[in-house]
Amino acid sequence: MSGYEKDFDTIQNKYKTVAHTMYETVINRQSIKQIVRKAYASQSAKDVAREELYKALIEQYKFFQTYDVRQLHFHLRNNESFLRFHRPQKYGDNLSGIRSTVEWVNRYHIPISGFEEGRIYNGFRYLFALGDRLSKEHLGSVEISFSVHAIAREFAHLRSAKTGFFIDKTVVKKKVFSQEQGNYEDSPLEDFYYESSIKKQLEREFKHAQMEQLSPLGIQSANKKIFDNKIFTLASNDQKHLFTFVPLQNPVTKEVVGAIVLQFDNATLMAFRYNYLVIFGIGLATIVLTTIFLYREYLSKNLFRNLSLRTKSILDTQKSLIVITTGKEILETNQTFLDFFGYDSLESFKSKYRCVSECFTIHEGYFHLGKIPPQALWIEHIEKLHPKDQVVLMRDKNAAQYSFAVAQNYYQDNSYVVSFNDISQTFQEQIILQHKIIMDSLTGAYNREFYKTNITKIIQKREYNHQQLGVIFFDIDHFKVINDTYGHAIGDEVLKELVARVSVSIRNDDYLLRWGGEEFVVFIATHSLKQAKRASEHLRSMIEHHPFKEVGKLTCSFGVTLHQYDEMIEKTIQRADEALYISKESGRNRVTTL
């Protein structure tokens, strides 16, 4: 199996876990089956049952939508669409000859999963049989589906790439309701459509593959090779970009019906490869834990007690070390955690340690209790750190040392779900490699590669925290004079000293980037343009009054603006650049806002 296939399998398994969790905790219950059973009494009873099922599960469906669930669809045993939660007004159509996965489950009563186009949406579908095992009564099937956007987005993040999705035109024309076919648009590939909503989402995230980089011959080649059902790679005309195509196959018919494309910068492909356990091990553990434990809010205490064996078995299959902790005391663990430290129960572990943080080895390159005040909660402190600093060192039962990336989510009652993912084999080399790629080699500031890779997450984090992203664009006044007078070597020293000074003058969650030459950008979290201007004035004054070692005094000009919701970030930066130009034209050493 190739690296791409392994990564793709890892991604699908992540969503498979969510689907199984939803099925086991929400759907596979006698109360739900009883509602579906009523649908077979009469047409009027079917309509009542549909309404009852919708009311019983709509809140749960909305909850799981936050975990990328796109569709929840119930089908009767004759393949009739009974209830689409994504389009409840669309029902009664027979899916025979349209949805082979539905036919499979209703015929064999065996779960199946994979990519398939539907009457409204396509998606990665996980289908389960509904029925009573004891009586062997088959009531129909249910599917839980995820958008290709979610899968492609994860794939692109794993491979540090841009991405795109194509669907076979003949499949769309055959299966999709005629009134829904406007959801698709032509792509550069003759035999394939783009799904418009996915394309738009990826463009907004600056992640959509730029197919125009391929030559016409390359596009023709891709159009044909996709149907060979083999992963392949093509280079752009200028050899600066590589495009890897991953065909998507219907799990029943085995026909190729679509493809995901990944676009890499050629140098990035060769140099930048994250270990998939780091990214998806943490993501998988986090999404499973959050899904299971937050869902307790929907279930009564008695029901959750009955489900505890199911959820415990899911947790125990995870390779990550998982704990629920208050930051002072461990409340629960999975079996992997106990096996790592060599204890047969949580009680025996707690006879020696109160909290997992006591097991963190003191080492300068890792997080440990010595880096926080004595009374501080480690769990609250580590979540404020940059992800690259959320790494701890622990010894197993044999005293062997392992590096773990830490991911945490707030659970309830001042407790957290925390996963520790083993990154020992690649930690050092990945940190060094990441540093080289996203940091400016001269000054140590972030560079444009960091910007391209992280700007979407930075914006989303600000919006989630109900803040705005402030963009501060500045450059050194008369820097050419410095280079001409003192030489470029001294100019380089000035740049390094400037970055050092600015770095200690901004907050930990702000980002300083060298944009090019003597131009810099600072991304800050703010609540108003006035607040962003104050931060800029602080930097301007600090620089003006700082004696630089080789050249004495220098000044900088600033342009400041705020990123607006739903605005392309390039437009925001352009506005900040225009404000900087106004500062230059107005006499320099000043701050202008737009």
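Because the structure is a prediction, the values reported are computed rather than measured.

1. A few points about the overall build of the protein chain
Then, in step 1: Each helix and strand counted, the protein chain has 20 helices and 21 strands in total.
Then, in step 2: The buried share of the protein chain, reckoned over its 594 residues, is 54%.
Then, in step 3: Contacts in the protein chain between residues at least 24 apart in sequence constitute 61% of all its contacts with a sequence separation of at least 6.

2. What about the sheet that holds strand 3 (residues 112–117)?
Hydrogen bonds along the backbone pair up the strands of a sheet, which may run parallel or antiparallel.
Then, in step 1: The five strands are arranged 2-1-5-4-3 in an open sheet whose pairing can be described as antiparallel. If you trace the sheet from one side to the other, it starts and ends with strand 2 (81–84) and strand 3, each paired once. Geometrically, the sheet is characterised by an average inter-axis angle of 30 degrees between neighbouring strands, direction not taken into account.
Then, in step 2: Seen against the sheet, helix 2 (residues 30–38) touches strand 1 (69–76), strand 4 (122–132) and strand 5 (137–146) and runs at an angle of roughly 110 degrees to strand 5.
Then, in step 3: Each of strand 1 and strand 2 is contacted by helix 3 (residues 43–65), which is oriented at about 160 degrees to strand 1, the strand it contacts most.

3. Details of helix 17 (residues 479–486)
Then, in step 1: Along helix 17, the residues classified as buried are Phe479, Ile482 and Asn483. Buried residues of helix 17, viewed axially, fall in a sector of 95 degrees; they line one side. Those residues of helix 17 that are exposed and aimed more than 90 degrees away from the buried face are Lys480, Asp484 and Thr485.
Then, in step 2: Buried positions along helix 17 lie against strand 17 (468–476) and helix 18 (488–503).
Then, in step 3: Count one or two residues on from helix 17 and you reach Gly487, which has phi positive near 100 degrees.

4. Thoughts on the side chain of Glu80
Then, in step 1: With respect to the helices and strands, Glu80 occurs in the loop between strand 1 and strand 2.
Then, in step 2: Beyond its immediate sequence surroundings of up to four residues, Glu80 is in contact with Lys46, Phe74, His75, Gly92, Asp93 and Asn94.

5. Let's talk about the confidence of the model for the protein chain
Then, in step 1: This prediction gives the protein chain a mean pLDDT of 84; 86% of its residues lie at or above 70.
Then, in step 2: Confidence over residues 267–280 falls short of pLDDT 50; this stretch has 38 contacts with residues more than four positions distant or in other chains.
Then, in step 3: Ignoring residues within four places in sequence, the model shows residues 296–311, a span with pLDDT below 50, making 16 contacts including any to other chains.

6. With respect to the packing of helix 17 against helix 18
Then, in step 1: At a minimum axis distance of 7 Å, the contact between helix 17 and helix 18 shows a crossing angle of 135 degrees. With respect to helix 18, the axis of helix 17 lies oblique. Residue-level contacts link Phe479, Ile482, Asn483 and Tyr486 of helix 17 to His488, Ile490, Gly491, Val494 and Leu495 of helix 18.
Then, in step 2: Here the residues of the contact of helix 17 with helix 18 are counted per class, giving six nonpolar, three polar and no charged.

7. Here's the deal with the nonpolar core
Then, in step 1: The biggest cluster of nonpolar side chains holds 59 residues, and the ones touching the most others in it are Ile27, Leu53, Leu72, Phe74, Ile144 and Ile260.
Then, in step 2: The biggest single contributor to this core is helix 1 (residues 3–27), with nine residues.
Then, in step 3: Non-local contacts of Ile260, meaning those with residues more than four positions away in its chain, are made with Phe8, Val148, Ile151, Ala152, Phe155, Thr163, Gly164, Thr244, Phe245, Val246 and Leu248.
Then, in step 4: Among the nonpolar cores identified, the runner-up in size contains 29 residues, and Ile482, Ile506, Phe558 and Leu562 belong to it.

8. Remarks on a nonpolar patch on the surface
Then, in step 1: On the surface, a nonpolar cluster with roughly 290 Å² of combined accessible area is contributed by Tyr581, Ile582 and Leu594.
Then, in step 2: Within the secondary structure, Tyr581 is located in helix 20 (residues 569–585).
Then, in step 3: Judged by its relative accessible area of 53%, Tyr581 falls in the exposed class.

9. Regarding the packing of helix 16 (residues 448–464) against helix 20
Then, in step 1: In contact at an axis separation of 12 Å, helix 16 and helix 20 are set at 95 degrees when each is read in the N-to-C sense. Relative to helix 20, helix 16 is oriented roughly perpendicular. Across the interface between the two elements, Tyr451, Ile455 and Ile459 of helix 16 pack against Ile569, Glu570 and Ile573 of helix 20.

10. Regarding helix 2
Then, in step 1: All of the buried residues along helix 2 are Ile32, Lys33, Ile35 and Val36. Down the axis of helix 2, the buried side of the element spans an arc of 155 degrees, and every buried residue falls inside it.

11. As for the pattern of salt bridges
Then, in step 1: Enumeration over the complete set of coordinates arrives at 28 salt bridges.
Then, in step 2: Between Lys175 and Glu116 there is a salt bridge, with its nearest N and O atoms 3.8 Å apart. One end of the pair, Lys175, is in helix 6 (residues 169–175); the other, Glu116, is in strand 3, with 59 residues separating them in the sequence.
Then, in step 3: Among the residues examined, Lys175 registers a relative accessible area of 10% and is labelled buried.

12. Some details on the packing of aromatic side chains
Then, in step 1: Applying the stated criterion across every chain, the model contains 34 aromatic pairs.
Then, in step 2: Measuring from centroid to centroid gives 5.6 Å for Tyr61 and Phe85, while their planes differ by 50 degrees, and the two rings are tilted. Linking Tyr61 in helix 3 with Phe85 in the loop between strand 2 and helix 4 (100–108), this pair joins segments that are 24 residues apart in sequence. In this structure, Tyr61 and Phe85 share a single accessibility class: buried.
Then, in step 3: Site record: aromatic cluster; members linked through ring pairs are Phe337, Phe340, Phe341, Tyr343, Phe349, Tyr353, Phe360, Phe367, Trp378, Tyr402, Phe404 and Phe420.
Then, in step 4: For the cation-ring pair, Arg50 lies above Tyr91, with the distance from its terminal atom to the ring centre recorded as 3.6 Å.
Then, in step 5: The ring centre of Phe177 lies 4.9 Å from the NZ or CZ of Lys90, which sits over that ring.

13. Quick notes on the pairing of strand 16 (residues 416–422)
Then, in step 1: Across the seven residues that make up strand 16, a large majority, six, are buried.
Then, in step 2: Sheet topology note: the strand 12 (residues 321–325)/strand 16 ladder contains five bridges and is antiparallel. Counted as the bridge partner of Thr325 is Tyr416 from strand 16.

14. Topic: the pairing of strand 8 (residues 192–195)
Then, in step 1: Neither face of strand 8 is exposed, since Phe192 and Tyr194 on one face and Tyr193 and Glu195 on the opposite face are all buried.
Then, in step 2: Summarising the sheet, strand 6 (residues 162–168) and strand 8 pair through two bridges and their orientation is antiparallel. Of the residues in strand 8, the one forming a bridge with Ile167 is Tyr193.
Then, in step 3: In this sheet, strand 8 lies alongside strand 7 (residues 184–186) in antiparallel orientation, the contact comprising three bridges. In the sheet register, Glu185 faces strand 8, and the bridge partner there is Tyr194.
Then, in step 4: The loop that links strand 7 with its antiparallel partner strand 8 comprises five residues.

15. Re the side chain of Asp93
Then, in step 1: With respect to the helices, strands and loops of the structure, Asp93 is situated in the loop between strand 2 and helix 4.
Then, in step 2: Looking at Asp93, its side chain comes within polar contact range of the side chain of Arg84, at 2.8 Å.
Then, in step 3: In contact with Asp93, not counting residues within four places along its chain, are Asn79, Glu80, Ser81, Arg84, Arg119 and Phe177.

Criteria and cut-off values
- Residues numbered from 1 in each chain as written.
- Predicted model: local features only at pLDDT ≥ 70, side-chain atom pairs only at ≥ 80, totals over all residues.
- Heavy atoms only, no water.
- Helix = DSSP H or I, 4+ residues; strand = E, 2+ residues; numbered from the N terminus.
- Buried < 20%, exposed > 50% of the residue type's maximum accessible area, 1.4 Å probe, protein only.
- Contact = heavy atoms within 4.5 Å.
- Pairing = 2+ DSSP bridges.
- Axes fitted to C-alpha atoms, helices over the stretch in contact; angles between N-to-C directions.
- Arc of directions from axis to C-beta.
- pLDDT = per-residue confidence, 0-100.
- Parallel < 35°, antiparallel > 145°, perpendicular 65-115°, else oblique.
- Nonpolar A, V, L, I, M, F, W, Y, C, P; charged D, E, K, R; others polar.
- Core = buried A, V, L, I, M, F, W, Y, C linked by side-chain atoms within 4.5 Å.
- Patch = residues over 30% accessible without salt bridge, like charges linked within 9 Å, V, L, I, M, F, W, Y side chains within 5 Å.
- Areas by Shrake-Rupley, 256 points an atom, 1.4 Å probe, with all protein chains shown as cover.
- Salt bridge = Lys/Arg side-chain N within 4 Å of Asp/Glu carboxyl O.
- Phe/Tyr/Trp six-rings, centres within 6.5 Å; stacked < 30°, edge-to-face > 60°.
- Lys NZ or Arg CZ within 6 Å of the ring centre and 35° of its normal.
- Polar contact = N/O pair within 3.5 Å; in protein donor to acceptor, adjacent residues only side chain to side chain.

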